[in-house]
Amino acid sequence: MVDSFLRQAEEGNKTALLKRQLIGYYITGGDFSITDLSHEMNLSVPTITKLVSELIEDGFVHDFGKQGTAGGRRPNIYGLNPYAGYFVGVDIKQDVITLAMLNFKGQVVDTRDAVPFLMEDVSQSLDKLCDIINDFISGSKIEREKILAVGVNLSGRVNSRTGYSYSYFFVEEQPLALLLEQRLACKVYVENDTRAMTYGEYMYGVGNNENTMIFVNASWGLGVGLVIDRKLFYGRSGFSGEFGHFPLLDNEVICRCGKRGCLETGASGSAVHRIFMEKLAQKRVSMLSDKYNRKEPISLEDILDALNQEDVLAIEVIESVGHTLGKAMAGLINLFNPDLIVLGGTLAVAKDYIMLPLKSAINKYSLQLVNKDTTIKLSKLGERAGAVGACMLGRSKLLGLM
């Protein structure tokens, strides 16, 4: 049913194109009455009625019945049929995977957090990834044929249009999306993790359909996702958002990309970890000092846990990183004059410890006339932003809405 609908739209069938546009309104605006849709799409009530009726027959739209109004007749309200199909999102982090499943209406029906996984550029790692996804689908109560698409997020350079990842599993003959489709027996889309987080937060989190939004993913690395004129911005080759490799700093620290002075070396989870360990080596005191002296490994999560226990050294490091990140974000505000900037990723759990120095730096370094209309918020979806965004991107891409 979906394939037939998409094929007709791609062939330029006017009715199919209008149906696709109508579905887009339901995705971004929620449920509508026939009259409301007529006003939104600037089409006659009979035309909208015919389109909605056909979409109900196709299984994409559901009649939710009458709803109360301030007066007069109660209209029937129509929206996406939640049972038309399901989408799976897979968000690969440094050493864990988060998975989510959404129905056709965009409601979360299942999640699985922090599944252990070591991301390595070897075939065994790809096989393990597919096993985890297949186990998640099998463990849900959804029939396999109802899974319409799977979205997989990876860090680094991902070209979602071609399906290639240039950071992991790069096989010149076949794109990663195709390799996954062969193993999962389902349509697969690959996406940069930050861009998927951006879309999830924009559609389901604090984004609230703002005209312009910037999502800052401050995790082990550092990236940004851009929503401009309510559309995700990809750039010419699909590699936009490499904020972490902006040459801003004079610290001479070699970045993982091989260059020096990258913002990521002073404003990311890896920066927090490196700076904290350097200070422990300088005999600075922390509740993690004993662990360090015993030569036990200290993770970023250990540092963030210490922060939440008001460890002075952890607070100092987070404040320093927050100031550096805020200074860089001031530049983004001056460039884009956005409605909203959202801070997400691993470091967002630091909350006020990072937000206060970040906002202070933004006020210090950005132009007041430009920043006065920009709101700064923490991510609402947290660690699930990427998985939810992957589901929603899968739906939009499958329906040809992007």
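Preceding this section is the structure that the text describes.
Below or above, wherever it landed, is the structure these notes cover. This one's a predicted model, so the numbers in the text were calculated from it and none came from an experiment.

Notes on the packing of aromatic side chains
Logical step 1: Evaluation of the coordinates by the stated rule reveals six aromatic pairs.
Logical step 2: Judged by centre distance (6.5 Å) and plane angle (50 degrees), the ring pair of Tyr-168 and Phe-169 falls under tilted.
Logical step 3: Relative accessible area serves as the criterion here: at 23%, Tyr-168 is assigned to the partly exposed category.
Logical step 4: Since its relative accessible area comes to 7%, Phe-169 is described here as buried.
Logical step 5: Among the aromatic residues, those joined into a ring-pair cluster are Phe-60, Phe-87 and Phe-104.
Logical step 6: One Lys or Arg, Lys-327, reaches over the ring of Tyr-365 and ends 5.0 Å from the middle of that ring.

A look at the pattern of salt bridges
Logical step 1: Summed over all chains, the structure comprises 20 salt bridges.
Logical step 2: Across the pair Lys-93 and Glu-383 runs a salt bridge whose closest N-O atoms are separated by 3.9 Å. Of this pair, Lys-93 sits in the loop between β4 (86–92) and β5 (96–103) while Glu-383 is found in the loop between β15 (375–378) and α14 (385–398), placing the two residues 290 residues apart along the sequence.
Logical step 3: The residue Glu-242 makes a salt bridge to Arg-157 at a minimum N-O spacing of 3.6 Å. Here the residue Glu-242 occupies a position in the loop between β13 (231–232) and α8 (269–281), and Arg-157 occupies one in the loop between β7 (147–154) and β8 (158–159), the gap between them amounting to 85 residues.
Logical step 4: Overall, Glu-242 belongs to the partly exposed group, its relative accessible area being 30%.
Logical step 5: For Arg-157, a relative accessible area of 38% translates into the label partly exposed.
Logical step 6: Here the residues in one salt-bridge network are Lys-19, Lys-50, Glu-54 and Asp-58, joined through shared partners.

Thoughts on the nonpolar core
Logical step 1: Counting 46 residues, the largest nonpolar core has Leu-22, Tyr-26, Val-52 and Phe-104 as the members making the most contacts within it.
Logical step 2: Take this core: its biggest share by element is seven residues, from α14.
Logical step 3: Val-52 has contacts with Leu-22, Tyr-26, Ile-34, Leu-37, Val-61 and Tyr-78, leaving out every residue within four places of it along the chain.
Logical step 4: One finds Leu-300, Ile-315, Ile-341 and Ala-350 within the second-largest nonpolar core, a separate group that totals 41 residues.

Some thoughts on the sheet that holds strand β11 (residues 212–218)
Logical step 1: Read from one edge of the open sheet, five strands run β13-β12-β11-β14-β15, paired in mixed fashion. The sheet terminates laterally at β13 and β15, the two strands that pair on one side only.
Logical step 2: Pairing analysis gives four bridges linking strand β14 (residues 340–344) to β15, with the strands arranged parallel. Across the sheet, the residue bridging to Leu-343 is Leu-378, located in β15.
Logical step 3: On top of the sheet, helix α11 (residues 312–336) reaches β11, β12 (222–228), β14 and β15; it is set at about 160 degrees to β11, its chief contact.

Focus: empty space enclosed by the protein
Logical step 1: The tally for this structure, following the rule as stated, stands at one cavity of 30 Å³ or more.
Logical step 2: The space that makes up the largest cavity amounts to roughly 40 Å³.
Logical step 3: Surrounding the largest cavity, Gly-151, Val-152, Asn-153, Tyr-189, Glu-191, Ala-390, Leu-393, Gly-394 and Lys-397 form its lining.
Logical step 4: For the lining of the largest cavity, the elements supplying multiple residues, two or more each, are β7, β10 (188–192) and α14.
Logical step 5: The biggest single contributor to the lining of the largest cavity is α14, with four residues.
Logical step 6: Residues belonging to the lining of the largest cavity are distributed by class as follows: four nonpolar, three polar and two charged.

Quick notes on the rules
- Residues numbered from 1 in each chain as written.
- Predicted model: local features only at pLDDT ≥ 70, side-chain atom pairs only at ≥ 80, totals over all residues.
- Heavy atoms only, no water.
- Phe/Tyr/Trp six-rings, centres within 6.5 Å; stacked < 30°, edge-to-face > 60°.
- Buried < 20%, exposed > 50% of the residue type's maximum accessible area, 1.4 Å probe, protein only.
- Lys NZ or Arg CZ within 6 Å of the ring centre and 35° of its normal.
- Salt bridge = Lys/Arg side-chain N within 4 Å of Asp/Glu carboxyl O.
- Helix = DSSP H or I, 4+ residues; strand = E, 2+ residues; numbered from the N terminus.
- Core = buried A, V, L, I, M, F, W, Y, C linked by side-chain atoms within 4.5 Å.
- Contact = heavy atoms within 4.5 Å.
- Pairing = 2+ DSSP bridges.
- Axes fitted to C-alpha atoms, helices over the stretch in contact; angles between N-to-C directions.
- 1 Å grid on protein atoms, 1.4 Å probe; cavity = no way out; pocket = protein on both sides within 12 Å on 5 of 7 lines; lining within 4 Å.
- Points joined across faces, edges and corners; volume = space filled by probe spheres on them.
- Nonpolar A, V, L, I, M, F, W, Y, C, P; charged D, E, K, R; others polar.

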